[in-house]
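Summary of the model geometry
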Amino acid sequence: MSFFSFCPRRAGLIARVTLLEAMRQRLPQILLLGAAGLAVGVQGLRGINFGLPELKFIADLGFGGMVFFGSILTIFSGSHLFYSEIYGRSAVTVLAKPVSRTEFLAGKFIGMMGVAALFSVVMTVVIAFVLYTRESTLMQERPELFEHGGRLRYGDIFAAGFAYGLRFGVLAAFTLMIASHVRSSLYAVMASFGVLLICDLQYLAQEAYAHTGTTPLRLLAGLIALLFPDFQVFNLADLAGAEDGIQAEQLWRVTGYGLCYIAAAGALAVFSFKRREI
Amino acid sequence: MKSSFITVAVTVLALGTAGGLGRALVAPTRAALRLRQSSWRVDFPDGAAGLVRGGALLGGFRTLAADFLWLRVNVLWEKRDLPGAMQNLRLVTALDPRPLVFWLNGARMMAYDMPAWRVAALGGRAVGAGGVARRIESDQAHLALAWLDAALKFHPASPAVFIERANIRINCLHDPAAAAEEYRRAAGQPGAPRYAARLHAEMLRRAGRKTEALAWLVALHAGLPRNDEAAAADLVLARIRDLEAELGIPPGESYRVQEL
């Protein structure tokens, strides 16, 4: 098989099996329940909200739970789905057939993305539903606040959910890249959490790049800023409360940004996996 | 060794290319987000930066964390713990700068409550005789104004911040001219309450700039809706008449109401 040998049908079959296997696991179900429970239960925390408008408070905590549980799901589930094939030797059986390693990894990635996408869709719908319910109640209790109609822009909520889903996609691609290179699943999980930490704090590297005085530190900060994606960019929920909301242009720019890193990390995963002994 | 070098080189090349392309693509969105996220800032005082970096990891949970810190601020306020309250006020707004209530109430604590604590700690106003009490009040008022300057970075078009600044300038610093300027800026913001414009004129009058006050009120009254209670067109007209009397303007040259 050459590097570029690729059959979408074969990759699709592997993705389907990966997704079904993931659905049988307990972890995604528990994490989804936890995140959804938090999004629904956040209404009980309204009493300690002092500063933000109530609907913004609910959205913030709902998306906070989505990001927290979704990141854990992406790393643990992604790592498990890859290493279960390696440790169980089923990867050897699959790759003995006319299936290229590129197709195998693409299938795994699409399957992992399927899990993340399902999680993101369910969570975004739950958050939107909780917000809708609360807004309806508020409209009845305090109609004077809603003279110009509802305040929620559901398009923005779903755009924010999509951006977080994309963030999980980038994280899944990096997890796969690490897993295809290292032999221990524990090491891959730890390294993936390390990457998550770096990506979440990426803005610091960028600020340091702009402000630090010494040349070696500037170079180091610039390199980190270049190699690791900045996960703050995917927090489009912060723009959802802005006057003009989330613009379509902003969404496609963030999508392009995520796809750049997914493509690079995916290609590197294939590069490493091709050179790996199974 | 050679294989490891190739792996590192290919990794740097691939991720570097993606990063270069991606950064150029997402730069405008980053700029928009930067205005709304405290976590982008790295210049926080008093160790707040560490918390804010933690806040970036907390994601949406930073709202909840800031609320808990705000509860702590209020506990410290009740105990009259000035250093503790100041430290926690900075942490709250560093963690979540979006709620205006943190900035406004924080400024009020600094400008009105903390001077009283400091004077009381010196033995009361009698002990802090001479200029000591006034200097403390002035120091605290300037601290509150600097605090509201920081608020303006996140809420640049908020009339409430300008009104709070005006209140501090007139109540604590007894400077009607500076207060007039703040009320004028408040009145120019979208969604500003009607009284901000009226108070601008009142501050001008107190500063002795009665002609300016009259000109402002005349221009204001001409554009006010007559059937809006908050606009208080009758009150504005009464003040116009008072100023005309104070300035000795003859009846023939006085302001004539145009019916809208």
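What counts and how
Residues numbered from 1 in each chain as written. Chains lettered and ligands numbered in written order. Predicted model: local features only at pLDDT ≥ 70, side-chain atom pairs only at ≥ 80, totals over all residues. Heavy atoms only, no water. Helix = DSSP H or I, 4+ residues; strand = E, 2+ residues; numbered from the N terminus. Buried < 20%, exposed > 50% of the residue type's maximum accessible area, 1.4 Å probe, protein only. Contact = heavy atoms within 4.5 Å. Lys, Arg positive; Asp, Glu negative; His and termini not counted. Charge placed at Lys NZ, Arg CZ, Asp CG, Glu CD. Salt bridge = Lys/Arg side-chain N within 4 Å of Asp/Glu carboxyl O. Patch = residues over 30% accessible without salt bridge, like charges linked within 9 Å, V, L, I, M, F, W, Y side chains within 5 Å. Areas by Shrake-Rupley, 256 points an atom, 1.4 Å probe, with all protein chains shown as cover. Buried area = accessible area lost by both parts, 1.4 Å probe. Nonpolar A, V, L, I, M, F, W, Y, C, P; charged D, E, K, R; others polar. Core = buried A, V, L, I, M, F, W, Y, C linked by side-chain atoms within 4.5 Å. Phe/Tyr/Trp six-rings, centres within 6.5 Å; stacked < 30°, edge-to-face > 60°. Lys NZ or Arg CZ within 6 Å of the ring centre and 35° of its normal. Expected span 1.5 Å × (residues − 1). pLDDT = per-residue confidence, 0-100.

The secondary structure content of chain A amounts to 11 helices and 0 strands. Reading chain A from its N terminus to its C terminus gives the helix and strand order α-α-α-α-α-α-α-α-α-α-α. Taken along its principal axes, the extent of the C-alpha atoms in chain A is 70 × 50 × 30 Å. A buried classification covers 54% of the 278 residues belonging to chain A. In chain A, of all internal contacts separated by at least 6 residues, the share reaching a separation of at least 24 is 81%. In chain A, the 22 positive side-chain charges and the 18 negative ones have mean positions that sit 16 Å from each other.

Quick look at the pattern of salt bridges now. All names here are of chain A. All chains considered together, the criterion is met by 22 salt bridges over all chains. Taking the shortest distance from any N to any O, the salt bridge between E103 and R10 comes out at 2.9 Å. Of this pair, E103 sits in helix 5 (residues 101–141) while R10 is found in helix 1 (residues 8–24), placing the two residues 93 residues apart along the sequence. According to the relative accessible area criterion, E103 is buried, its value standing at 0%. Of the charged contacts, one joins K108 and E85 as a salt bridge, the two residues approaching to 2.7 Å between their closest N and O atoms. Taken together, the residues K108 in helix 5 and E85 in helix 3 (residues 54–87) connect sequence positions 23 residues apart. Residue K108 is classed as buried on the basis of its relative accessible area of 0%. On the accessibility criterion, E85 (10% relative accessible area) is buried.

Okay, a nonpolar patch on the surface next. All names here are of chain A. Taken together, the side chains of I198, L217, L220 and I224 present a nonpolar region at the surface, about 310 Å² in accessible area. In terms of residues, the nonpolar patch owes the most to one element, helix 9 (residues 215–227), which gives 3 residues. Positionally, I224 belongs in helix 9.

On to the interface of chain B and chain A. Tallying the contact residues gives 47 residues for chain B and 50 residues for chain A. Roughly 4,300 Å² is buried in total at the junction of chain B and chain A, and carbon and sulfur atoms are behind 70% of that figure. Counting every contact that joins chain B to chain A gives 2 salt bridges. One salt bridge in this structure joins R98 of chain B and D60 of chain A, with 2.6 Å as the shortest N-O distance. Secondary-structure elements contributing two or more residues to the side of chain B that touches chain A are helix 1 (2–34), helix 2 (48–58), helix 3 (62–78) and helix 5 (100–121) of chain B. The leading source of residues in the side of chain B that touches chain A is helix 1 of chain B, at 24 residues. Each residue belonging to the side of chain B that touches chain A can be placed in one class, and the counts come to 26 nonpolar, 12 polar and 9 charged.

Moving on to the nonpolar core. One finds F63, M66, F82, F119, M123, L131 and F174 of chain A to be the most contacted residues of the largest nonpolar core, which totals 89 residues. Sorting elements by how many residues they give to this core places helix 6 (residues 154–179) of chain A first, with 16 residues. In this view, F63 of chain A contacts I127, I157, A160, G161, Y164 and A237 of chain A; residues no more than four positions away in its chain are not counted. V92, A107, M109 and A197 of chain B belong to the second largest nonpolar core, which has 55 residues in total.

Residue and element names in this part refer to chain A. Following the sequence through the fold, S192 ends up in helix 7 (residues 185–200). S192 gets classed as buried once you look at its relative accessible area, which sits at 1%. Along the sequence, S192 and F174 sit 18 residues apart, while their C-alpha atoms lie 7.1 Å from each other. Beyond its immediate sequence surroundings of up to four residues, S192 is in contact with I75, L171, T175 and I178.

Enumeration according to the criterion identifies 15 aromatic pairs over all chains in this entry. Seen in terms of ring centroids, F82 of chain A and F273 of chain A are 5.7 Å apart; in terms of plane orientation they differ by 65 degrees. Their pairing is edge-to-face. Pair noted here: F82 of chain A is in helix 3 and F273 of chain A is in helix 11 (residues 248–274), with a separation of 191 residues, a long-range link. Summarising the aromatic geometry, the rings of W103 of chain B and F154 of chain B are spaced 6.0 Å apart at their centres and angled 25 degrees between planes, so their arrangement reads as stacked. Here W103 of chain B, found in helix 5, pairs with F154 of chain B, found in helix 6 (residues 132–154); they are 51 residues apart in sequence, far enough to count as distant. For the pair shown, W103 of chain B and F154 of chain B are each scored as buried. The ring of F273 of chain A has R101 of chain A sitting right over it, with the charged end atom 5.4 Å from the ring centre.

All names here are of chain B. Counted at 1.5 Å a residue, the expected span for helix 7 (residues 159–171) with its 13 residues is 18 Å, and the 18 Å between its end C-alpha atoms agrees. Judged by how many residues are buried, helix 7 sits mostly within the fold: 11 of 13 residues are covered. Three or more residues of helix 7 are buried, namely P159, V161, F162, I163, E164, R165, A166, N167, I168, R169 and I170. Buried residues belonging to helix 7 abut helix 5, helix 6, helix 8 (176–187) and helix 9 (195–206).

Residue and element names in this part refer to chain B. Mean pLDDT over chain B works out to 86, with 87% of the residues at or above the 70 mark. Counted against residues more than four places away or in other chains, residues 38–47, with its pLDDT under 50, gives 29 contacts. Listed scores for the predicted complex are pTM 0.77 and ipTM 0.83.

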